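# Residue-level structure breakdown
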Amino acid sequence: MSNNKNIYKPVRALLTDVITESPLIKTFVLEPETNFSFETGQFIELSVDGIGEAPFTPSSSPLVTENLEVTVMKTGYVTEYMHHLKPGVLMGIRGPYGRGYPVRNFFGKEVLILGGGCGLAPIRSLLYALEDIKDKLIKVILCYGSKTPTDCIYKPLFARLNHTEKFEAHLTVDKPDEGWKGSVGVATTLLNSISINIKSSIAVVCGPPVMMKFGTIRLLEMGYNEDQIYLSMEKNMSCGLGKCGHCMMGEFFVCRDGPVFTYDEIKHNPEIWK
Amino acid sequence: MQYRCIKKEEWDKTLEQLLLSYTIFGSVRNEFGIDYELISPEDIPRISYNTPKPVTSLKSFFLPVRENCTSEKVYEKPMIILGIPNCDIEGLCLLDEIYLDSEFSDIHYRKRRENTLLIASDCTSIQEHCHCLSYNIHPYSSVNADIAAINFDGTIVLRVITVKGEEFVRKIPAAITPENDSILSLVESAHEATEALLSAADYGLPDVKASGKRVIESGTAIWEKYSSRCVSCGACVSICPTCSCFLLIDKPGFEKVKQMDGCQYPGFERVAGGEDALYELHNRFKNRYLCKYVWKSMKFGSIACTGCGRCIEACIGHINKNEILRELDAKKVNVE
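Note that this is a predicted model, so its numbers are computed, not measured.

Thresholds, definitions, all that
Residues numbered from 1 in each chain as written. Chains lettered and ligands numbered in written order. Predicted model: local features only at pLDDT ≥ 70, side-chain atom pairs only at ≥ 80, totals over all residues. Helix = DSSP H or I, 4+ residues; strand = E, 2+ residues; numbered from the N terminus. Rg over C-alpha atoms; globule rule 2.2 N^0.38 Å. Buried ≥ 20, exposed ≤ 12 C-beta atoms within 10 Å, placed from the backbone. Contact = placed C-beta atoms within 7 Å. Axes fitted to C-alpha atoms, helices over the stretch in contact; angles between N-to-C directions. Left-handed = near helix turned anticlockwise from the far one by under 90°. Nonpolar A, V, L, I, M, F, W, Y, C, P; charged D, E, K, R; others polar. Domains from an automatic or database assignment. Pairing = 2+ DSSP bridges.

## Some points on the overall build of chain A
The helix and strand inventory of chain A stands at 6 helices and 15 strands. Against the 2.2 N^0.38 benchmark of 19 Å for 274 residues, chain A shows a C-alpha radius of gyration of 18 Å, consistent with a compact globule. With the C-alpha coordinates aligned to their principal axes, the bounding extent of chain A is approximately 50 × 45 × 35 Å. Out of the 274 residues belonging to chain A, those deemed buried represent 49%. Pairs at least 24 apart in sequence give 70% of the contacts found in chain A among residues at least 6 apart.

## Here we look at the packing of helix α7 (residues 208–217) of chain B against helix α10 (residues 281–300) of chain B
Residues and elements named next belong to chain B. The interhelical angle for the contact between α7 and α10, taken along N-to-C directions, is 120°, at an axis separation of 9 Å. Regarding α7 and α10, the two cross each other, and that crossing is left-handed. Side by side, α7 and α10 meet where S211, G212, V215 and I216 of the first sit next to Y289, L290, Y293, V294 and S297 of the second. Each residue belonging to the contact of α7 with α10 can be placed in one class, and the counts come to 6 nonpolar, 3 polar and no charged.

## As for the interface of chain B and chain A
If you look at the interface, chain B gives 35 residues, while chain A gives 36 residues. Going through the elements one at a time, α3 (86–99), α4 (107–114), β9 (246–251), β10 (255–260) and α10 of chain B are the ones with two or more residues in the side of chain B that touches chain A. Examining the composition of the side of chain B that touches chain A, we find that 5 residues originate from one element, β9 of chain B, more than from any other. Partitioned by chemical class, the residues of the side of chain B that touches chain A number 20 nonpolar, 3 polar and 12 charged.

## Side note on the environment of T177 of chain B
Residue and element names in this part refer to chain B. Assignment of secondary structure puts T177 in the loop between α5 (163–170) and α6 (182–201). Taking the C-beta count within 10 Å as the criterion, T177 has 8 such neighbours and is therefore assigned exposed. Between the C-alpha atom of T177 and that of I6, which follows or precedes it by 171 residues, the distance is 9.0 Å.

## So, the domain arrangement of chain A
Residues and elements named next belong to chain A. Along its sequence, chain A is organised into domain 1 (11–97) and domain 2 (103–232). One C-alpha centre belongs to domain 1, the other to domain 2; they are set 24 Å apart. Contact residues are listed per partner, giving 15 residues for domain 1 and 16 residues for domain 2. Taken together, the elements giving at least two residues each to the side of domain 1 that touches domain 2 come down to β1 (11–22) and β5 (68–73). By residue class, the composition of the side of domain 1 that touches domain 2 is 6 nonpolar, 8 polar and 1 charged.

## A closer look at the sheet that holds strand β4 (residues 66–68) of chain B
Paired through backbone hydrogen bonds, the strands of a sheet run either parallel or antiparallel to each other. All names here are of chain B. Read across the open sheet, the 3 strands follow the order β4-β10-β9; overall the sheet is antiparallel. Looking along the sheet, the strands with just one partner apiece sit at the ends: β4 and β9. Averaged over all pairs of adjacent strands, the angle between their axes in this sheet comes to 20°, without regard to strand direction. Inspection of the sheet shows β9 paired to β10 by 6 bridges, in the antiparallel sense. Its bridge partner being in β10, L248 is matched across the sheet by K258.

Written out as structure tokens, the structure reads:
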């Protein structure tokens with residue numbers, strides 16, 4: 001009982017840049033007052049002074065500790081405020097919290113990543129981490145779907161990955177525009193055209209609940225075992241400390257026991273796709 | 001287990017002396033029932049011993065309804081809480097699991113706990129909805145309070161439970177080791193008598209394990225039926241000694257206000273995108289039972305109900321959780 005740290009107090013972080021990724025999504029570059037490290041897939045509580053706090057998984061590399069990036073979709077009260085912020089503002093960070101991607105378990109495997117919408121934010125951080133350990137991986141395949149070409153974030157990432165040894169990236173949109181020459185359909189349709197050895201593979205799914213649900217169903221149909229599928233769950237992680245109760249999903253506090261779970265760990269809970 | 005005895009008049013004088021260095025809250029009977037009150041010297045004779053639960057649960061001393069949780073706080077005087085029933089002591093143990101965990105300990109909760117001496121009392125009577133024994137909680141404290149004080153015909157019997165309690169009692173010279181076992185026999189007889197009352201009152205209630213199993217196996221019909229009388233007022237979660245969910249509200253200067261919250265209020269689990277796993281009233285209603293009888297048990301090894309019965313008394317829809325558990329146990333529910 002000797003730790004006198006106040007677990008609710010954020011550390012200050014300077015907002016150094018705001019990058020517009022799509023009409024609804026921006027990336028916020030933050031420089032915390034002390035070096036900040038996290039494991040890919042863990043999340044932080046980011047606060048706008050006096051307005052509110054919300055959980056986000058950093059989209060930047062876990063190898064970088066001087067600054068971090070958080071990619072945010074304008075979707076609620078706090079994120080609406082965030083989208084109006086300009087560089088130079090001080091923000092608050094608590095964390096990192098929770099259990100991220102167990103990348104050591106990916107050694108010697110083919111990694112299939114299925115993403116949708118703003119789910120590409122945590123995935124980008126994972127991709128940076130996987131690039132760092134690519135010698136230990138067989139290959140990494142990214143299948144990502146966005147609603148429209150305009151909604152697709154990190155466009156240069158796809159070209160870069162397709163020029164990186166052992167990596168391939170596929171992109172699809174639900175609703176193409178006139179100039180779109182790529183795939184059309186939801187993210188799971190991309191799974192029909194990839195070549196992967198399922199037995200020596202693991203799958204990561206991150207995106208909106210409906211995409212996570214149908215993505216998981218499709219992966220199971222393809223022959224993935226329930227413990228080969230990693231899901232990044234999104235609940236109302238308010239305190240991040242396993243105390244406030246808002247993110248309880250069955251017996252799990254998503255903020256402490258997750259946010260990354262295998263499907264096998266949480267499949268018994270009917271709430272997971274809600 | 002060590003015991004000490006002290007004449008009631010001497011004990012009252014001791015409390016008066018203690019008021020110089022401690023803030024004392026005691027269980028006191030007033031025109032509305034029994035509740036914890038701040039004790040001044042003239043209140044000392046009003047302190048109730050051997051009585052069942054006060055209206056307010058013990059958590060209110062450690063988890064204020066609303067507080068700035070990022071500010072520094074000064075705890076000038078140590079605190080004594082006197083006359084706590086064992087159901088509340090056991091409830092506090094679950095809060096300790098949540099708020100004092102090794103990785104993330106809540107500093108304000110911890111300082112309040114460290115600053116407080118818990119003096120329990122044995123229940124020698126029960127109230128209408130008391131059912132602690134159904135959940136293997138005795139109507140007397142012998143493990144988790146610091147001391148228990150029981151009043152027997154003008155003698156206060158002190159059961160010394162923790163090291164903190166032992167250090168405290170050592171400073172009371174008038175508290176002496178009982179000469180023989182006769183008074184301790186009376187204490188034991190009182191335990192048996194109270195447990196007999198509870199056993200009679202609890203007839204038909206499923207045990208801890210069965211309750212959880214029944215809740216898991218239930219369909220939606222029973223929850224729709226009982227929640228039709230629920231208005232989401234949250235009285236049950238406010239008064240419950242183990243419900244401890246909260247909301248963090250941001251204030252300028254990166255300060256945060258922690259406000260008690262509860263899963264019975266609409267929007268409790270709503271995320272920014274609008275998804276809300278507990279949108280429907282019957283889902284919220286059932287969630288509390290799942291949390292208390294299934295999930296907390298899986299996570300902390302004990303269910304989150306101490307059998308105090310406060311939620312039954314507080315419900316303006318007259319929803320009696322024991323009725324639900326009995327109905328589930330009798331398998332009157334169609335599993336869907």
